[in-house]
Amino acid sequence: MAADDEASRRRRHRLIEQRSLRIGVVASAVMAVGGLWVHVLSGSYALLLDGLYSAVMVGSGLVAARISSNVVRPPDRAYPYGYDGQEALYVLFRSLVLIGVLTFAAAAGLGTVIDYAKGQQIPAVSLGPVALYSIAMVVICWGLAWCHHRDWRRTGEQSQLLITEARAAKVDGLISGLTGMALLSTPLLQGTALAVITPITDSLLVLVVSGVVLREPLQAFLTALNQAAGASAESDTIRSTRAALEDLLSGLSCWLLDLTVMQVGRTAFVVVYLNPSQPMDGAAIDLIRLRIEERCRQLMAIPVRSEVILTATPPFPAG
């Protein structure tokens, strides 16, 4: 009965996640088309960057919806360690694409600034559609971020897909809002000491936005890279898990020699090295594994897979 309830809960969470991702794809498609359209009307490359960022979110949302169906599948012969690694790979490559888009935009903006310094004429940006576009994009982005974050909480705060998309929507909203405000403030520079940069305000905005936004995909890339490479979880997680399992195993005639904890996507993998004080059969080992998974799931509040290895020798050097 408990297993059926757990399966039903996971199925409900998966449906919520997939619905939220589909909403994100539609909203991002609208924003991408809007950004490209306003770029054509205004000539602003800062708004083109905004549209390209939304276009990346469309592609990543489609991939995320597919991965959302896979990560909940149990291990099989094709993927003996489960499908959780696909979530980390999604974050990894999505971050790489965003880093590439931002780097390309920054290089183009820097090229325009250099051309202006050499005395070349820079086309003026038309501000007509900027205000309406910026307001609409901020409303859509922050509404989308709220939707993703709400559904992330409803699904147990475990989905790396939803929290990644929620953060991306917030960043996109900030890009749209700040870019629109800066462009609309450009006429105010006339008659001031900053009037000289008026022709390249758009390019300077591209440089600033690219530099500020680059931090988020870079951090996500490094985190996903560590997960994909099989790096251990943080030391605090290791210590708390060790303390919980030592308490659990104290009454099970086993000595805890060591353990490893790795997180891949939304799932933690715990490998426990035990030295039993008496002979054990397979059923006893299965019971210990089940108890370990239950305790770790309570501690970490995320899905857990575990493995128990019986050995008399610690697997790692004392250092």
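Everything below is about the structure shown above.
Once a new chain begins, its residue numbering starts again from 1 and follows that chain's sequence as written. Side-chain atom pairs in this predicted model are given and counted only at pLDDT of 80 or more, local residue features only at pLDDT of at least 70, and totals for whole chains, interfaces and linings cover all residues. Excluding hydrogens and water, the side-chain figures rest on all heavy atoms present in the structure.

**Student:** Just to check I follow, could you spell out the packing of helix H8 (residues 235-249) against helix H9 (residues 282-300) for this structure?
**Tutor:** Relative placement of two packed helices is described by the angle separating their axes and the distance separating the axes. Interaxial angle, 0 to 180 degrees, is taken between N-to-C directions of lines fitted to C-alpha atoms, where a helix line uses only the stretch in contact. Counting from the N terminus, the helices are DSSP H or I runs at least four residues long and the strands are E runs at least two residues long. Between H8 and H9, whose axes approach to 10 Å, the crossing angle comes to 135 degrees. Between H8 and H9, the interaxial angle falls into the category oblique. H8 and H9 meet at a crossing whose hand is right-handed. Contacts from Thr237, Ser240, Thr241, Ala244, Leu245, Asp247, Leu248 and Leu249 of H8 reach H9 at Ile288, Arg291, Ile292, Arg295, Cys296, Leu299 and Met300. Each residue is assigned to one of three groups, with Ala, Val, Leu, Ile, Met, Phe, Trp, Tyr, Cys and Pro labelled nonpolar, Asp, Glu, Lys and Arg labelled charged, and all others, Gly among them, labelled polar. Of the residues that constitute the contact of H8 with H9, the class distribution is 9 nonpolar, 3 polar and 3 charged. Between 65 and 115 degrees an angle is taken as roughly perpendicular, under 35 as roughly parallel, over 145 as roughly antiparallel, and anywhere else as oblique. Two helices that cross are described as forming a left-handed crossing if the nearer one is turned anticlockwise from the farther one by less than a right angle, and a right-handed crossing if clockwise. Only heavy atoms matter for contacts: two residues are in contact if any of them lie within 4.5 Å across the pair.

**Student:** Please clarify how the layout of surface pockets should be interpreted in this entry.
**Tutor:** Empty space left among the atoms is revealed by rolling a probe the size of a water molecule over them. The computed volume of the largest pocket comes to approximately 570 Å³. Lining the largest pocket are 27 residues; nearest its centre among them are Arg167, Val171, Arg215, Glu216 and Gln219. Listing elements by their share of the lining of the largest pocket, those giving two or more residues are helix H3 (85-117), helix H5 (160-184), helix H6 (201-213) and helix H7 (215-229). Per-element tally for the lining of the largest pocket: the top contributor is H5, with 10 residues. Partitioned by chemical class, the residues of the lining of the largest pocket number 16 nonpolar, 7 polar and 4 charged. Throughout, the protein atoms alone are placed on a 1 Å grid, and a set of points is a cavity if a 1.4 Å probe fits but cannot get out or a pocket if it is open with protein on both sides within 12 Å along at least five of seven lines; lining residues have an atom within 4 Å of a point. Grid points are joined across faces, edges and corners, and a volume is the space filled by probe spheres set on the points.

**Student:** What exactly am I supposed to notice about the sheet that holds strand E3 (residues 304-310) here?
**Tutor:** Strands in a sheet are paired, the pairing made by backbone hydrogen bonds, and the direction either parallel or antiparallel. Taken in spatial order, the 3 strands line up as E1-E2-E3 in an open sheet, and their pairing is mixed. Since the sheet does not close on itself, it has two edges, and those belong to strand E1 (254-264) and E3, each with one partner. With direction set aside, neighbouring strand axes in the sheet form an average angle of 15 degrees. Strand pairing follows a simple DSSP-based rule, namely that at least 2 bridges must link the two strands. Relative to strand E2 (residues 267-276), E1 runs antiparallel, the two sharing 10 bridges. Residue pairing in the sheet places Thr260 in a bridge with Val271 of E2.

**Student:** Which parts of the structure should I look at to understand H6?
**Tutor:** The α-helix advances 3.6 residues per turn, and as a result positions three or four apart in sequence lie on the same side. Compared with the 18 Å implied by 1.5 Å per residue over 13 residues, the 18 Å span of H6 between its first and last C-alpha is a close match. Those residues of H6 lying buried are Thr201, Asp202, Ser203, Leu205, Val206, Val209, Ser210 and Val213. In this structure, the buried side of H6 is in contact with helix H2 (45-70), H3, H5 and H7. The span one expects for a helix is its residue count, reduced by one, times 1.5 Å. Note on classification: 1.4 Å probe, protein chains only; a residue is buried when its accessible area is under 20% of the maximum for its type, exposed when over 50%, partly exposed between these limits.

**Student:** Even after reading the chapter, I still don't get the nonpolar core, so can you show me in this structure?
**Tutor:** Burial of nonpolar side chains together is a common tendency in soluble globular proteins. Residues belong to a common nonpolar core when they are buried Ala, Val, Leu, Ile, Met, Phe, Trp, Tyr or Cys residues joined through side-chain atoms within 4.5 Å. Counting 28 residues, the largest nonpolar core has Leu47, Leu49, Tyr53, Met57, Leu144, Ile175 and Val213 as its most contacted members. Taken together, the elements giving at least two residues each to this core come down to helix H1 (2-42), H2, H3, helix H4 (130-154), H5 and H6. Contacts of Leu47, omitting those with residues within four sequence positions, involve Gly35, Val38, Ser42, Val130, Tyr133, Thr179 and Leu183. Ranked by size, the runner-up nonpolar core spans 20 residues in total, among them Leu249, Val261, Met300 and Val308.

**Student:** Is there a simple way to explain empty space enclosed by the protein in this structure?
**Tutor:** Going through the model one piece at a time under the given rule, you end up with 1 cavity of 30 Å³ or more. Taken as a whole, the largest cavity holds about 40 Å³ of empty space. Mapped by element, the contributors of at least two residues to the lining of the largest cavity are H1 and H2. In terms of residue count, H1 provides more of the lining of the largest cavity than any other element does, 4 residues in total. Residue composition of the lining of the largest cavity, by class: 3 nonpolar, 4 polar and 1 charged.

**Student:** Help me out: how do you make sense of the packing of aromatic side chains in this one?
**Tutor:** How two aromatic rings sit relative to each other is set out by the distance from centre to centre and by the angle between their planes. Here is the rule: rings of Phe, Tyr and Trp (six-membered ring for Trp) pair when centre to centre is within 6.5 Å. Planes less than 30 degrees apart are stacked, more than 60 are edge-to-face, and the remainder are tilted. Scanning all chains against the criterion turns up 1 aromatic pair. Measuring from centroid to centroid gives 6.1 Å for Tyr273 and Phe316, while their planes differ by 80 degrees, and the two rings are edge-to-face. Of the two residues, Tyr273 sits in strand E2 while Phe316 sits in the segment after E3, which places them 43 residues apart along the sequence. Tyr273 sits in the buried class, given a relative accessible area of 14%. Note on Phe316: relative accessible area 40%, which makes it partly exposed.

**Student:** What's the story with the side chain of Asp258 in this structure? I'm lost.
**Tutor:** By the element assignment, Asp258 lies in strand E1. Here a polar contact is recorded for every N or O atom pair within 3.5 Å, except that within protein the pair must consist of a potential hydrogen donor and a potential acceptor, and residues adjacent in sequence are included only if both atoms are side-chain atoms. Among the polar contacts listed, one links the side chain of Asp258 to the side chain of Arg242, at a separation of 3.0 Å. The contacts of Asp258, once residues within four sequence positions are left out, are Arg242, Val271, Val272, Tyr273, Pro315 and Phe316.

**Student:** Could you clarify how one ought to interpret a nonpolar patch on the surface in this entry?
**Tutor:** Exposure above 30% relative accessible area and the absence of a salt bridge qualify a residue for a patch, where like charges join within 9 Å and nonpolar side chains (Val, Leu, Ile, Met, Phe, Trp, Tyr) within 5 Å. For every accessible area listed, the method is Shrake-Rupley and the probe measures 1.4 Å; residues are considered covered only by the protein chains on display. Within this document, salt bridges are pairs made up of a side-chain nitrogen of Lys or Arg and a carboxyl oxygen of Asp or Glu, the two lying within 4 Å of each other. A grouping of Trp142, Leu174, Leu178 and Met181 is seen on the molecular surface, where their side chains present a nonpolar patch of about 440 Å² in accessible area. A residue is classified by how much of its surface remains accessible, and Met181, at 55% relative accessible area, is exposed.

**Student:** How should I be thinking about the pairing of E3 in this particular structure?
**Tutor:** Note: E2 against E3, 7 bridges, orientation parallel. Bridge assignment links Val272 to a residue of E3, and that residue is Val308. When the strands point away from the viewer, a crossover counts as right-handed if the route from the first strand across the helix to the second turns clockwise. On the question of chirality, the crossover connecting E2 to the parallel E3 by way of H9 is right-handed.

These figures come from the coordinates and say nothing about function on their own.
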